Amino acid sequence: MRPGATISAALAWLFLAGTAGAQTLSIGVAAPLSGPSAILGKQIQAGAGLAAQANGVELTTEDDGCTADGGAAAARVFAAAKVSVVVGFLCTESIEAAMPILKDANIPVITVGVRTESLTDRRAKTGWPVYRLGPRGDDERNAVASILTRLWQNELFAIIDDGTIYGREMAETFRAAAEQAALKPVFVDTFRPQLDNQIGLVGRLKKAGATHVFAGGDGDDIAIMGRDAAQLQAGIVFAGGENLRTPPGDVPYATGTLMIAPPEWADVADAKALESFSAQKIVPDGYTLPAYAAVEIAKAASVLSGSSGRPLADALTGRDFTTAIGPVRFDAKGDLSQSLYHVFRFDGTRFVPLEGN
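Residues numbered from 1 in each chain as written. Predicted model: local features only at pLDDT ≥ 70, side-chain atom pairs only at ≥ 80, totals over all residues. Heavy atoms only, no water.

> I'd like a description of the sheet that holds strand E6 (residues 157-161), backed by residues and values.
With respect to topology, seven strands assemble into an open sheet ordered E7-E6-E8-E9-E10-E13-E14, the strand pairing being mixed. Strands with a single pairing partner mark the edges of an open sheet, and in this sheet they are strand E7 (187-190) and strand E14 (351-353). Across the sheet, the mean angle from the axis of one strand to that of its neighbour is 25°, orientation sign disregarded. In this structure, E6 lies alongside E7, joined through four bridges in parallel fashion. The residue of E7 that forms the bridge with Asp161 is Thr190. Strand contacts of helix H8 (residues 165-180): E6 and strand E8 (212-216), with the helix running at about 150° to E6, the strand carrying the most contacts. (Pairing = 2+ DSSP bridges. Helix = DSSP H or I, 4+ residues; strand = E, 2+ residues; numbered from the N terminus. Axes fitted to C-alpha atoms, helices over the stretch in contact; angles between N-to-C directions. Contact = heavy atoms within 4.5 Å.)

So, in structure tokens, the structure goes:
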């Protein structure tokens, strides 16, 4: 064979080999597409589908039904399909049933909605390659404690709760953090929720001298407290957790009410991603943007894995990923390395970010 022909044959072989090796990334999508959580599952499906189009990946979508049986069945499908990574999952039951199967198949998971702390806390024991693109169950109360301890260090503050497990855990975590910071609330109490008014409670808060009050409870109760405080000219600023994200009933929130919560993703999302949602007439609410970001992360990790020759799960840990909802980094356990929670202030119409936070 002549030298020129030899070179041409070699280049042709390299081209064919490169084409054969450039396989399209296959991603599994686990979401409840039936039952009471179907509306949320369809948000995941829509966001992941849009990201797949933008990033040139293939999806295998399964309905996990938010049940253990559904999660296990979906995992078996993903293992048989040899997907590289799975995104989605909203329910603890489904992901806990799926993870042993996915672990055995060496398939990492990026969950967009499961908050159960043990899912990642037990990684050393389970070895489950799961990554959480959202808050942990204890992130909210820890954020309330750290943010308000700093924000109210020079204020006369009170801590109250509605007696529920949620409310008490929020209040107690804040109280303990304040004590650690050598701060003492002027008033601590449990209030009776779902009353038409909270005049008596507000009167006691005013008498104690409280100017700032954290209330572990529902938005309706905090709205009523704010209204009654204004009527009594108590001069009290109320704060609550992400329960305030839900609009109150007949009583609006008082101007100045504080909320500690993650941002609305559409408010911080990349403009280009939002344009793609608009073009497809998809509303970027709920889990649509986190699902979109999960696919982006999976694609970027796959590229890193391919270039390094290391497992895809290794590429997901300890690296910054640029996504439609901002930079994302997972720690060694698979949790987000930075808290999603910020302080928002009600301006009379909506909650807006508090300056300096």
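Now that the structure is up, let's keep going.
> Explain the packing of aromatic side chains to me, using residue names and the numbers behind them.
The way to describe two aromatic rings as a pair is by their centre distance and the angle between their planes. Taken as a whole and judged by the stated rule, the model has nine aromatic pairs. Connected via pairs of aromatic rings, a cluster forms that spans Trp152, Phe157, Phe174 and Phe214. Against the face of Tyr131 rests Arg123, its NZ or CZ located 4.7 Å from the ring centre. Note that Arg245 overlies the ring of Phe344, its terminal NZ or CZ placed 5.5 Å from the centroid. (Phe/Tyr/Trp six-rings, centres within 6.5 Å; stacked < 30°, edge-to-face > 60°. Lys NZ or Arg CZ within 6 Å of the ring centre and 35° of its normal.)

> Account for the sheet that holds strand E1 (residues 26-31), naming residues and giving values.
If you trace the five strands from one edge of the open sheet to the other, you get E2-E1-E3-E4-E5, paired in parallel fashion. If you trace the sheet from one side to the other, it starts and ends with strand E2 (58-63) and strand E5 (130-132), each paired once. Strand-to-strand twist across the sheet, computed as the mean angle between neighbouring axes with direction ignored, equals 20°. In terms of strand pairing, strand E4 (residues 109-111) meets E5 through three bridges, oriented parallel. For Thr111, the partnering residue across the bridge sits in E5 and is Arg132. Those strands touched by helix H3 (residues 68-81) are E1, E2 and strand E3 (85-88), and its axis lies near 155° from that of E2.

> Quick one: what's the story with the pattern of salt bridges, residue by residue and with numbers?
By the definition in use, this model includes 19 salt bridges. The salt bridge partner of Glu179 is Arg175, with a shortest N-O separation of 2.8 Å. Note that Glu179 and Arg175 are positioned in helix H8 at a spacing of four residues, about one turn of the helix. The class for Arg175 is partly exposed, based on a relative accessible area of 27%. (Salt bridge = Lys/Arg side-chain N within 4 Å of Asp/Glu carboxyl O. Buried < 20%, exposed > 50% of the residue type's maximum accessible area, 1.4 Å probe, protein only.)

> Can you explain the environment of Ala229? Please cite residues and give values.
Tracing the backbone through its elements, the reader meets Ala229 in helix H10 (residues 219-231). Taking the C-alpha atoms as reference points, Ala229 and Leu201, 28 residues apart in sequence, are found 9.4 Å from one another. If near-sequence neighbours (up to four positions away) are discounted, Ala229 is found in contact with Val202, Ala234, Gly235, Ile236 and Phe238.

> Requested: an account of the nonpolar core, with residues and values cited.
Core analysis: the largest hydrophobic core is formed by 43 residues, its most contacted members being Ile27, Ile110, Leu133, Ile297, Leu316 and Phe330. Breaking this core down by element, the ones donating at least two residues are E1, helix H2 (38-55), E3, helix H12 (271-279), helix H13 (288-308) and helix H14 (312-316). At nine residues, the largest contribution of residues to this core is made by H13. Ignoring sequence-local partners within four residues, the contact set of Ile27 consists of Val57, Glu58, Leu59, Thr60, Val83, Val85, Val87, Val295 and Ala298. (Core = buried A, V, L, I, M, F, W, Y, C linked by side-chain atoms within 4.5 Å.)

> Which residues make up the pairing of E2, and what values go with them?
Pairing of E1 with E2, which is carried by six bridges, proceeds in the parallel orientation. Among the inter-strand pairings, Gly28 is bridged to a residue of E2, identified as Thr60. On the question of chirality, the crossover connecting E1 to the parallel E2 by way of H2 is right-handed. (Right-handed = clockwise from strand over helix to strand, strands pointing away.)

> Would you mind going over unusual backbone geometry in detail, with residue names and values included?
A positive phi is found at Lys82, a non-glycine position, where the angle reads about 60°. Inspection of the secondary structure puts Lys82 in the loop between H3 and E3. Given a relative accessible area of 68%, Lys82 falls into the exposed group.

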